[in-house]
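Fold and contact review
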Amino acid sequence: MKQIIRWSVLATSAALVVGGWSIYNSFNSPEVTKTNISEAATITPESPTFNLASGLPVSQRLLELERRSQASELSLDRSRSRYVLANIYLANRRPQVALALLNGLDQEYPILAEYISWKRSQALAMINPSQAKDSWNQILSTYPQGFAAAEALNALGRSSEVLAKFPSHPRSRSILKTELAKNPNRFELLTQMAVYFNDDPAIVPIFNRLITTYKSRLNPSQWSAIAKGYFERREYGKANLAYAGAEVDPDNLYLWGRSLQRANRPNDAKSIYSRLVQQFPTHPLAPRAVLRMIDIASAKNELPEVNRLSDRLVTIYPDTAAEGLLKKVNLLEKLGNNQATTTRNLILARYPQSNEAGILAWRSAQQLAKNRNYQGAIALSQKIITNNPQSEIAAEAGYWGGKWAKSLGDQSKANRLFQAVISKQPDSYFAWRSAVQLGWQVGDFTTLRNVSLPLNQPQFRQTLPAGSAVLQELYILGQDQDASDRWQFETRGKSLKTAKAIFTDGVLRVGVNDNLRGLRQIESMYWLDVTAQEKAEIKQILQQPTFRQSLYPLPYWEQITQWSSSNNLPVALVVGLIRQESRFESQIVSSSGAIGLMQIMPDTGAWISSKKKSPNYSLNNPAQNVEFGTWYLDYTHRKFGDNTMLAVASYNAGPGRVQQWVNAWGAIDPDEFVQRIPYDETKGYVERVLGNYWNYLRLYSPQIQQQITQTSAS
């Protein structure tokens with residue numbers, strides 16, 4: 001076996017994230033030896049997977065990559081390992097070692113030949129920038145339209161050509177910012193920034209400059225980009241102005257209507273929704289626009305208008321009719337109109353498998369239970385979990401049906417309902433509650449803190465549903481920043497209108513910790529209004545491990561595991577709380593002033609600092625934020641006798657309020673306690689955090705995965 005590299009890893013505290021790989025900055029000087037790589041090799045992909053070895057400690061991960069890279073026979077796995085190792089060494093400014101790994105790799109690994117040339121040029125530039133000039137020019141000659149060509153032009157000092165030839169390239173963003181800092185009023189630079197980088201954190205002042213100074217020069221495409229940027233930042237008044245000049249298509253009309261509605265201009269919103277339905281009656285957003293008009297009419301108690309619009313749904317858009325009819329039921333009940341019963345019965349009879357039929361059945365079940373008719377309530381719960389398994393209410397109905405059956409002594413029926421919840425709604429908070437009732441070792445409210453279930457990070461990735469073959473390869477390798485940059489290069493300036501593209505965008509954003517947008521894109525798979533064909537595609541997406549793992553990612557793994565252990569907290573609970581608090585955005589600040597990953601208020605941070613005797617701290621530092629947040633979560637646990645439900649509620653509402661509830665209600669059933677929490681925000685917070693905890697267990701704990709598989713198969 002020919003050896004490429006030999007090293008030992010120094011254990012230091014400085015960690016660096018490179019393309020999804022966390023590595024240490026400090027290495028002993030590696031011994032580099034030349035190797036003869038087969039020069040005429042071509043690889044046919046053997047598998048879409050590559051073992052990321054992400055569960056191994058840093059030193060073992062590097063050694064595993066080295067082992068694979070030294071395989072005597074040519075293989076895709078060997079080439080991939082060499083490429084990843086080269087990137088690691090480049091990131092740690094060890095260009096000589098990177099060059100040895102990259103030598104001849106473009107011939108045996110053609111799918112990434114362009115990127116190998118780019119990395120080689122980077123390594124040469126680190127050694128001697130003048131030596132890299134020929135390499136950069138070779139890239140321009142070989143890949144004149146490629147991603148690396150923009151990097152070559154920039155390295156050669158030809159930044160104006162980057163803007164002209166590669167406006168969507170990530171490099172163009174940095175060039176634009178530099179040029180705008182020199183001259184902030186150049187129209188062509190402002191518009192390029194607005195069209196291609198309308199999600200930039202500093203984009204709003206650019207939008208403002210364009211719509212005030214250059215309004216007459218903007219074209220509909222530019223208005224569309226500005227409008228979408230304003231909308232995503234919830235600046236609905238300015239979004240309204242921009243959508244008025246934007247391209248007329250269903251998406252723009254719908255978002256224009258939403259902007260007007262959220263800006264409290266219901267009549268104008270209704271006019272735009274009507275225009276959408278008239279101009280694009282067959283588009284999937286047309287029935288959604290009708291539903292928005294029903295909301296507007298309902299807010300004004302305009303029953304005749306609600307009747308007209310709901311009848312239109314029944315006649316023209318039957319797939320959406322039940323949703324509109326339930327809105328009608330709600331208004332009729334509000335008005336005390338006896339037609340509410342007739343409309344309820346219409347939903348149950350004509351749309352028995354709809355989400356809305358499930359909601360109505362659950363309302364009836366709750367009323368029966370309130371009247372102590374538990375048998376009738378259980379029967380309705382069984383019907384919901386059978387007929388409406390995808391209903392938003394199915395998990396709650398199944399769980400409470402199981403609890404009622406258990407209270408009547410029918411443990412067999414109770415277990416069947418609990419198992420059905422886990423099987424049909426495995427991602428719900430009530431699936432966790434059902435697992436507890438079945439005796440699974442997942443921790444109840446009072447025992448959760450002592451649960452010690454290791455979480456295994458995923459070792460393989462699937463290809464994404466959109467994007468080029470090069471993008472797919474970068475993603476498979478865990479080269480998240482390069483994969484994200486490639487995707488932006490391929491898509492910026494274009495509207496992402498297909499479910500496949502929106503999902504791919506979300507996954508890649510999560511990979512580089514753009515989590516607010518990324519998770520929103522991924523979650524949109526649950527509610528996108530799309531064609532029947534795309535609904536089938538979304539169904540396939542929802543079944544993929546990539547969907548679930550991207551929806552519940554594991555960033556800041558080292559910090560979270562370290563401080564969870566130090567404060568005797570399950571990792572799944574801490575990561576679940578962070579997901580709810582900040583979506584893993586380490587620099588986010590809430591409207592109330594809460595800071596960072598665990599959203600700590602400055603006053604609370606100062607109090608924790610005094611208790612920990614740590615005067616020098618920064619809540620913007622991810623590690624210190626997690627350190628302080630886990631200390632406080634440990635404190636709330638200790639204050640409430642290690643009751644995790646009360647501890648989590650305290651994290652949101654404050655220990656004082658939670659103590660008031662405990663004093664007022666006493667030792668009631670804990671599920672009843674959650675239902676009684678008077679603040680909707682805190683009640684939802686408890687369910688979401690503990691639901692997140694459950695989802696991290698079901699996705700990353702082999703023991704829980706096995707139990708879920710057995711339950712679903714039974």
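Description of the structure in this document.

Rules and cut-offs
- Residues numbered from 1 in each chain as written.
- Predicted model: local features only at pLDDT ≥ 70, side-chain atom pairs only at ≥ 80, totals over all residues.
- Heavy atoms only, no water.
- Axes fitted to C-alpha atoms, helices over the stretch in contact; angles between N-to-C directions.
- Helix = DSSP H or I, 4+ residues; strand = E, 2+ residues; numbered from the N terminus.
- Parallel < 35°, antiparallel > 145°, perpendicular 65-115°, else oblique.
- Left-handed = near helix turned anticlockwise from the far one by under 90°.
- Contact = heavy atoms within 4.5 Å.
- Nonpolar A, V, L, I, M, F, W, Y, C, P; charged D, E, K, R; others polar.
- Phe/Tyr/Trp six-rings, centres within 6.5 Å; stacked < 30°, edge-to-face > 60°.
- Buried < 20%, exposed > 50% of the residue type's maximum accessible area, 1.4 Å probe, protein only.
- Expected span 1.5 Å × (residues − 1).

Glancing now at the packing of helix H31 (residues 557-566) against helix H32 (residues 571-582). The geometry of H31 relative to H32 is characterised by a closest axis approach of 9 Å and an angle of 125° between their N-to-C directions. As far as their axial angle goes, H32 and H31 are oblique. At the point where H31 passes H32, the crossing takes the right-handed sense. Where H31 abuts H32, its residues Trp557, Ile560, Thr561 and Ser564 lie against Val571, Val574, Val575 and Ile578. Here the contact of H31 with H32 is composed, by residue class, of six nonpolar, two polar and no charged.

Right, let's get into the packing of aromatic side chains. One pass over the full model with this rule turns up 35 aromatic pairs. The interplanar angle of 70° and the centroid separation of 5.6 Å between the aromatic rings of tryptophan 607 and tryptophan 631 together place this pair among those described as edge-to-face. Remark: tryptophan 631 occurs in helix H34 (residues 622-639) and tryptophan 607 occurs in helix H33 (residues 602-612); sequence separation between them is 24 residues. On the accessibility criterion, tryptophan 607 (30% relative accessible area) is partly exposed. An angle of 75° between the planes, with centres 5.5 Å apart, marks the rings of tryptophan 661 and tyrosine 679 as edge-to-face.

Here we come to the packing of helix H9 (residues 170-182) against helix H10 (residues 187-196). The geometry of H9 relative to H10 is characterised by a closest axis approach of 10 Å and an angle of 145° between their N-to-C directions. Judged by the twist between their axes, the crossing of H9 over H10 is left-handed. In this structure, H9 contributes Ser172, Arg173, Leu176, Lys177, Glu179 and Leu180 to the contact, and H10 contributes Leu189, Leu190, Gln192 and Met193. When the residues that make up the contact of H9 with H10 are grouped by side-chain class, the tally is five nonpolar, two polar and three charged.

Once that is clear, we can look at helix H16 (residues 285-299). Between its first and last C-alpha atoms H16 spans 21 Å; for 15 residues at 1.5 Å apiece the expected length is 21 Å, and the two agree. Counting buried positions along H16 gives twelve out of 15 residues, so the element sits mostly inside the fold. Among all positions of H16, only Leu285, Ala286, Pro287, Arg288, Ala289, Val290, Leu291, Met293, Ile294, Ile296, Ala297 and Ser298 are buried. Its buried side turned inward, H16 meets helix H14 (250-262), helix H15 (266-279), helix H17 (303-316) and helix H18 (318-335). Once H16 ends, the next one or two residues include asparagine 301, with phi positive near 60°.

Interpretation in functional terms is not warranted from these geometric data alone.
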